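Okay, here's what each chain looks like letter by letter:
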Amino acid sequence: TDIIADMLTRIRNAVMAKKDSVVVPSFKLAGSMLEILKNEGSIENFKEQASAGPRKTIKVYLKYASGKKPILSGVKRVSRSGLRVYSKCKNMPTVLRGFGYAIVSTSQGLMTDAAAREKKLGGEIICYVW
């Protein structure tokens, strides 16, 4: 049960179905990842909701260009529980030759691959977004 992969799959499926928003489970890493997606312009906004059960949820508002063409066209989980993927600063991958970005977990928190290269940090590559 990979909650990060579950969140990314829910977002990917909602984009493919041209939904306006999607509800994902709330956890500490989700807020940081969604903040990066918002800052990079991949999603419109997100808001934490109180649910009837013991688990909180986050409502993610998706972003589309004119004609319902999605801004977020793909998301891929890289590092998973069975196979962790780490990268040094010099070997940090570029996604689609710079048209996408990777979300990296570093010692200074979550950031994009460009920010990690700029700060000369390596870390675990969580996912690719394009």
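Here's a quick rundown of the structure. Counting restarts for each chain: residues are numbered from 1 in the order of the written sequence. The model is predicted, so local features are restricted to residues of pLDDT at least 70 and side-chain atom pairs to those at 80 or more, both for listing and for counting; the totals for chains, interfaces and linings are taken over all residues. Side-chain measures here rest on the full set of heavy atoms in the structure, leaving out hydrogens and waters.

### Some thoughts on the packing of helix α1 (residues 3–16) against helix α2 (residues 28–39)
Helix packing geometry: the angle between the two helix axes and the distance between the axes. Interaxial angles span 0 to 180 degrees and are taken between N-to-C directions of axes, which are lines fitted to C-alpha atoms, for helices over the stretch in contact. Think of it this way: any DSSP run of H or I at least four residues long counts as a helix, any run of E at least two long counts as a strand, and we number them from the N terminus. Interhelical geometry of α1 versus α2 gives an angle of 40° and a closest axis separation of 10 Å. One element, α1, and the other, α2, form an angle in the oblique class. Judged by the twist between their axes, the crossing of α1 over α2 is right-handed. Of the residues in α2, those in contact with I4, M7, L8 and I11 of α1 are L29, A30, M33 and L34. Residue classes follow a fixed rule: Ala, Val, Leu, Ile, Met, Phe, Trp, Tyr, Cys and Pro count as nonpolar, while Asp, Glu, Lys and Arg count as charged, and any other residue, Gly among them, counts as polar. A breakdown of the residues in the contact of α1 with α2 according to their chemical character gives 8 nonpolar, no polar and no charged. Here the word oblique covers every angle except those under 35 degrees (roughly parallel), over 145 (roughly antiparallel) and from 65 to 115 (roughly perpendicular). Helix crossings get a hand from a simple test, with the near helix turned counterclockwise from the far one by less than a right angle marking a left-handed crossing and a clockwise turn marking a right-handed one. The contact definition used throughout considers only heavy atoms, calling two residues in contact when any of these lie within 4.5 Å.

### Thoughts on the pattern of salt bridges
A carboxyl oxygen of Asp or Glu within 4 Å of a side-chain nitrogen of Lys or Arg is what we treat as a salt bridge. All chains considered together, the criterion is met by 6 salt bridges. Between K68 and D20 there is a salt bridge, and its shortest N-O distance comes to 2.9 Å. In this pair, K68 is assigned in the loop between β4 (64–65) and β5 (69–70) and D20 in the loop between α1 and β1 (21–25), connecting sequence segments 48 residues apart. Only protein chains enter the accessibility calculation, which uses a 1.4 Å probe; a residue is then buried when its area is under 20% of its type maximum, exposed when over 50%, and partly exposed in between. Residue classification places K68 among the partly exposed residues on the basis of a relative accessible area of 35%. E124 is paired through a salt bridge with R84; the nearest N and O atoms lie 3.1 Å apart. Pair noted here: E124 is in strand β10 (residues 123–129) and R84 is in the loop between β6 (75–77) and β7 (86–87), with a separation of 40 residues, a long-range link.

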